[in-house]
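Observations on the three-dimensional arrangement
Chain residues, written in single-letter form:
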Amino acid sequence: MRMRRILGLALAAATLAGVSAVGAVSAAAASSPNISRDDCTAAGGQIVSRPYAGYSCALPDGTTQAIT
């Protein structure tokens, strides 16, 4: 009985670690990558000013990306 409990706890810890790692990767993938001014205009985007946040690129598909 004790061995089952230890194995269950180990499995739960491994599952939790796997879920948190997947969440971190998903969050990184979901955040917008940065783009340069030249890349923005080459892609057909417009450079827009955001108050207190600098400049961003508004692309034709409706997405915005921060400008580096």
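Residue positions are given per chain, counted from 1 along the sequence in the order it is written. Under the rules for a predicted model, residues below a pLDDT of 70 receive no local features and side-chain atom pairs below 80 are neither given nor counted, while totals for whole chains, interfaces and linings still include all residues. Processing note: side-chain calculations cover all non-hydrogen atoms of the structure and skip hydrogens and water entirely.

**A short note on the state of the cysteines**
Quick note on the threshold: Disulfide: a pair of cysteine sulfur atoms within 2.5 Å of each other. Numbering of helices and strands runs from the N terminus, with a helix taken as a DSSP run of H or I at least four residues long and a strand as a DSSP run of E at least two residues long. A 1.4 Å probe rolled over the protein chains alone gives each residue an accessible area, and that area as a share of the maximum for its type sets the label: buried under 20%, exposed over 50%, partly exposed in between.
The tally for this structure, following the rule as stated, stands at one disulfide. Here Cys-40 connects covalently by a disulfide to Cys-57, the sulfurs 2.0 Å from one another. Judged by the sign of its S-S torsion, about 85°, the bond between Cys-40 and Cys-57 is right-handed. One end of the pair, Cys-40, is in helix α2 (residues 37–42); the other, Cys-57, is in strand β2 (residues 54–58), with 17 residues separating them in the sequence. By the burial criterion, Cys-40 is buried, and Cys-57 matches it.

**Considering the side chain of Ser-56**
Keep this limit in mind: Contact criterion: two residues are considered in contact whenever any of their non-hydrogen atoms come within 4.5 Å of each other.
Along the chain, Ser-56 turns up in strand β2. Among the residues examined, Ser-56 registers a relative accessible area of 2% and is labelled buried. For Ser-56, the residues in contact, after removing those within four places along its chain, are Gln-46, Ile-47, Val-48, Arg-50, Gln-65, Ala-66 and Ile-67.

**Quick look at the sheet that holds strand β3 (residues 64–66)**
Pairing between the strands of a sheet comes from backbone hydrogen bonds, and it takes one of two forms, parallel or antiparallel. Operational definition: Pairing between strands requires that DSSP locate at least two bridges from one strand to the other. The convention used is that axes are lines fitted to C-alpha atoms, helices contributing only their stretch in contact, and that angles between N-to-C directions extend from 0 to 180 degrees.
Spatially, the three strands line up as an open sheet ordered β1-β2-β3, and their pairing is antiparallel. Since the sheet does not close on itself, it has two edges, and those belong to β1 (46–50) and β3, each with one partner. Between one strand axis and the next, the sheet turns by 35° as a mean value, whatever way the strands run. Here β1 pairs with β2 via five bridges, running antiparallel. When the bridges of β2 are listed, Ser-49 appears paired with Tyr-55.

**Observations concerning the confidence of the model for the protein**
Condition: Confidence of the predictor at the level of single residues is captured by pLDDT, which takes values from 0 to 100.
Of the residues in the protein, 71% have a pLDDT of 70 or more, and the chain-wide mean is 78. Per-element confidence in the protein is highest for α2, whose mean pLDDT is 93, and lowest for helix α1 (residues 2–30), whose mean pLDDT is 64.

**As for the pairing of β2**
As consecutive antiparallel partners, β1 and β2 are separated by three residues, and within that stretch Tyr-52 has a phi angle of approximately 60°, a positive value. Counting the residues between successive antiparallel strands, the hairpin from β2 to β3 contains five residues, one of them, Gly-62, with a positive phi of roughly 95°.

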